[in-house]
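# A structural walkthrough
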Amino acid sequence: MMEKKKSMNSETKINKDNILLSIQNASYQYSDAEEDEYALKNVSYDFEKGKVYAIRGRSGTGKTTLLSLISGLERCTEGSIVFDGKDLKDINLDYYRNHEIGIVFQSYNLLPFMTASENIILSMDASGIKIGNKKEEAIKLMKSVGLKETYANRKVLRISGGEQQRVAIARSLAYNPKMIVADEPTGNLDKQTEKEILEIFKKLAHEDGKCIIIVTHSPNVCESVDQVYDLKKVK
Ligand SMILES: Nc1ncnc2c1ncn2[C@@H]1O[C@H](COP(=O)(O)OP(=O)(O)O)[C@@H](O)[C@H]1O
Ligand SMILES: [Mg+2]
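Computed from a predicted structure; not experimentally measured.

Cut-offs used in this document
Residues numbered from 1 in each chain as written. Chains lettered and ligands numbered in written order. Predicted model: local features only at pLDDT ≥ 70, side-chain atom pairs only at ≥ 80, totals over all residues. Heavy atoms only, no water. Phe/Tyr/Trp six-rings, centres within 6.5 Å; stacked < 30°, edge-to-face > 60°. Helix = DSSP H or I, 4+ residues; strand = E, 2+ residues; numbered from the N terminus. Buried < 20%, exposed > 50% of the residue type's maximum accessible area, 1.4 Å probe, protein only. Lys NZ or Arg CZ within 6 Å of the ring centre and 35° of its normal. Axes fitted to C-alpha atoms, helices over the stretch in contact; angles between N-to-C directions. Parallel < 35°, antiparallel > 145°, perpendicular 65-115°, else oblique. Left-handed = near helix turned anticlockwise from the far one by under 90°. Contact = heavy atoms within 4.5 Å. Nonpolar A, V, L, I, M, F, W, Y, C, P; charged D, E, K, R; others polar.

### Points about the packing of aromatic side chains
Scanning all chains against the criterion turns up 7 aromatic pairs. Both rings, one in Phe47 and one in Tyr229, keep their centres 5.4 Å apart while their planes meet at 85°; by these two values the pair is edge-to-face. Here Phe47, found in strand β2 (residues 40-48), pairs with Tyr229, found in strand β9 (residues 227-230); they are 182 residues apart in sequence, far enough to count as distant. Here Phe47 matches Tyr229 in class, with each residue buried. With centroids separated by 5.7 Å and ring planes inclined at 15°, the aromatic side chains of Tyr53 and Tyr229 adopt a geometry described as stacked. Here Tyr53, found in strand β3 (residues 52-56), pairs with Tyr229, found in strand β9; they are 176 residues apart in sequence, far enough to count as distant. The pair formed by Tyr53 and Tyr229 is uniform in burial state, with each residue classed as buried. Pairwise contacts between aromatic rings join Tyr45, Phe47, Tyr53 and Tyr229 into one cluster. In this arrangement the basic side chain of Arg154 is found over the ring face of Tyr151, its NZ or CZ atom lying 4.5 Å from the centre.

### Remarks on the packing of helix α4 (residues 116-127) against helix α5 (residues 134-144)
Contact pair α4 / α5: the axes reach a minimum separation of 9 Å and the direction vectors enclose 110°. Looking at the two axes, α4 sits roughly perpendicular to α5. Regarding α4 and α5, the two cross each other, and that crossing is right-handed. Residue-level inspection shows Ala116, Ser117, Ile120, Ile121, Met124 and Asp125 of α4 in contact with α5, the latter providing Lys134, Lys135, Glu137, Ala138, Leu141 and Met142. Looking at side-chain class alone, the contact of α4 with α5 contains 7 nonpolar, 1 polar and 4 charged residues.

From the geometry alone we can't say anything about function, so treat these as descriptive.
This is the structure:
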């Protein structure tokens, strides 16, 4: 009897434990906004480990603002964002950004005159984590996103857009974050490459348990993720 009760409790708990990021009634006003002007108002979303999410919304609905809040670049002006049980208000946001969350951009944001592996190693160094053989680890990460070892020594400006986005994903994994946030990661890519990039994100979520949040306009992306959140314009 005791046993049964215990297992039921832990079952409900597992569900709750599975939530990595919880946005609770978050609102945001830019400092130059009118009193009743919100870039984001009363947004509440939960994000679980092991799932891929899409945030969809028309231009001006606050997608970029929401990503800045999630990635700890801005703090919400009302409500709260809770990561792994801790309110972002109460934690060191520099540490959070450099350890817990990886960011992938539409335009890749790699350093073009450095090699693919150098870009990844730069991110390892910035986070300050200890890695024995950084280059070996960078190559391992590159392989995990489908890039051949020979790409490690190639300058970023000599590889295609789709390959650059793979490098950017490998870079976002440099310090093994629990969550990856991507701002229109397939916005500059053709349909087939978009599909391949999505497969990488799905593998990271479904096999490695990461939480992936993608801001996107792409119907193809929305179709294949685990959950879509629609952001609506304030007012
Ligand atoms: N730096 C800023 N200062 C003031 N208002 C801003 C700023 N950035 C965005 N906004 C406003 O906040 C709202 C949401 O913008 P944004 O988050 O960029 O939306 P999206 O990424 O969905 O297009 C818009 O009304 C926009 O004009
Ligand atoms: Mg935007």
